[in-house]
Amino acid sequence: MKLLNNKKILLGICGGIAAYKVLSLIRLLKKDGAEVRVIMTPSAVEFIGKLTAATLADSPVYSELADPDSGQWTNHVELGLWADLFLVAPATASTLSKMASGMSDNLLLTTYLSARCPVFVAPAMDLDMWAHPATQKNLQILRQQNVSVLEPNEGELASGLSGKGRMQEPEEIFSALSGFYSQKQILKGKNVLITLGPTQEALDPVRFISNHSTGKMGAEIARSFLEMGAGVTIVAGPVDKNLLPSEARILHVKSAIDMLDACELNFSQSDVIVLAAAVADYRPAQVSEQKIKKSGEHLSIELVKNPDIAATLGAKKRKDQFVLGFALETENELENAHAKRIRKNLDAIVLNSLNDSGAGFALDTNKITLISADGIAHPFETKSKKDVAHDITRFVVQQIQNL
Ligand code: CTP
């Protein structure tokens, strides 16, 4: 199956000895039916000829922000929007650093800042440059910006030294891009609804009751489902908006009642529902219209129970829908989580134990145990929230195949 057929691939070439290798990558992409456009940085032009790249790509090569003869401007915004996927290969330490810091002093960089599509980089550099904390920090920033890094291989380098820094071979890069598109087929046509973040329960116009949830875990789950080609709707409590994937449909809510309303509106058209929000169990019985004034030594606030979103949706789920909940437990974890799954009529539950170091709010790592409807517990190691999200979504895919 030609997974790249009709895909618009924008290839950014930087100045490195590995530049000559991407010429054969252009051939592989074209053979698979991709439309390829090429941007070269000024130093890439010193390594390979524009004519060769343009001939292989069957399209002009862009390298200047403006044509030096005609003065005509190259529309980087248009190029960025044209692309279905932007690949920078070879990606030099310098370009990675500029991408990470948002610099825009050449066409490749201005296009990167304008692109809305998935971005891949295939770094190539000497082993010490690769290992340098500055380079690693830049890569970390780029990963956080959702750039996929195709880690270089170990081997002989242009310097004559041997180590990590060799750009992946064109065939490997090609299969990474194909893998990305084959991944996109897994949940194509499926809709996923995800709740995430805390809820805020108002006391008066300036005060509320809430919790420390940041929504990070739910956002990673949303990303992972998007990578699998699902349509994703996020019902987000108050969280940092930059955390949420822009390709998802996002509904912002504050209170548990608003969150339930948004979920109910979207429930029937959802195939998978993930309840990752830390919903406040109680809300103030009265919301004062005016700011509550300081008075006596003590103040009691009466709280009333909030609706349980998971249980409400669990009670009316259809056989073809899969509802996944979370359980945050501090004692008798497995037993409590299992009972919670049954009580709320969920298809599976993700157990987070606050007793595990590396698990909890605001951390970048998490340690989970997945409990399926047959009662079997599947424990996982402590991992980054991104990797935990992959474990969860892979598990969901396996489970829905049995529905
Ligand atoms: N949940 C929900 N609505 C609520 C409370 C919880 O949708 N009002 C969902 C959470 O998103 C999570 C699951 O239910 O998926 C379990 O949440 P948790 O706080 O662990 O359980 P509670 O039902 O609140 O039980 P308890 O606090 O007694 O452990």
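Residues numbered from 1 in each chain as written. Predicted model: local features only at pLDDT ≥ 70, side-chain atom pairs only at ≥ 80, totals over all residues. Heavy atoms only, no water.

A. The arrangement of the site of the ligand in detail. In the vicinity of the ligand lie 14 residues, with Leu-275, Ala-277, Phe-326, Lys-340 and Lys-344 positioned nearest. Ala-277 places a main-chain nitrogen or oxygen 2.7 Å from an oxygen atom of the ligand. Within the side chain of Lys-340, one N or O atom sits 2.7 Å away from an oxygen atom of the ligand. The fraction of the free accessible surface of the ligand (570 Å²) that becomes covered by protein chains is 77%. Spatially, the ligand is embedded in the second largest pocket. Looking at the shell around the ligand, the elements with two or more residues in it are α12 (309-315) and β17 (322-329). (Near = heavy atom within 4 Å. Polar contact = N/O pair within 3.5 Å; in protein donor to acceptor, adjacent residues only side chain to side chain. Areas by Shrake-Rupley, 256 points an atom, 1.4 Å probe, with all protein chains shown as cover. 1 Å grid on protein atoms, 1.4 Å probe; cavity = no way out; pocket = protein on both sides within 12 Å on 5 of 7 lines; lining within 4 Å. Sits in = over half its atoms within 2 Å of the grid points. Helix = DSSP H or I, 4+ residues; strand = E, 2+ residues; numbered from the N terminus.)

B. Just the sheet that holds strand β9 (residues 191-196), in detail. In space, the eight strands of this open sheet follow the order β13-β12-β9-β14-β17-β18-β20-β21, with mixed pairing throughout. Unpaired on one side and paired on the other, β13 (249-252) and β21 (377-379) mark the two borders of the sheet. For this sheet, the mean angle separating the axes of adjacent strands, direction not counted, is 15 degrees. Two strands pair when backbone bridges link them, and β17 and strand β18 (residues 348-353) are joined in this way by six bridges, in the parallel orientation. Each bridged residue has a counterpart across the sheet, and for Ala-327 the counterpart in β18 is Leu-351. Across the sheet, helix α11 (residues 256-267) is in contact with β9, β12 (231-236), β13 and β14 (272-275); its angle to β9 comes to roughly 175 degrees. The strands touched by helix α14 (residues 385-401) within the sheet are β14, β17, β18, β20 (368-372) and β21, with β20 carrying the most contacts at an inclination of about 10 degrees. (Pairing = 2+ DSSP bridges. Axes fitted to C-alpha atoms, helices over the stretch in contact; angles between N-to-C directions. Contact = heavy atoms within 4.5 Å.)

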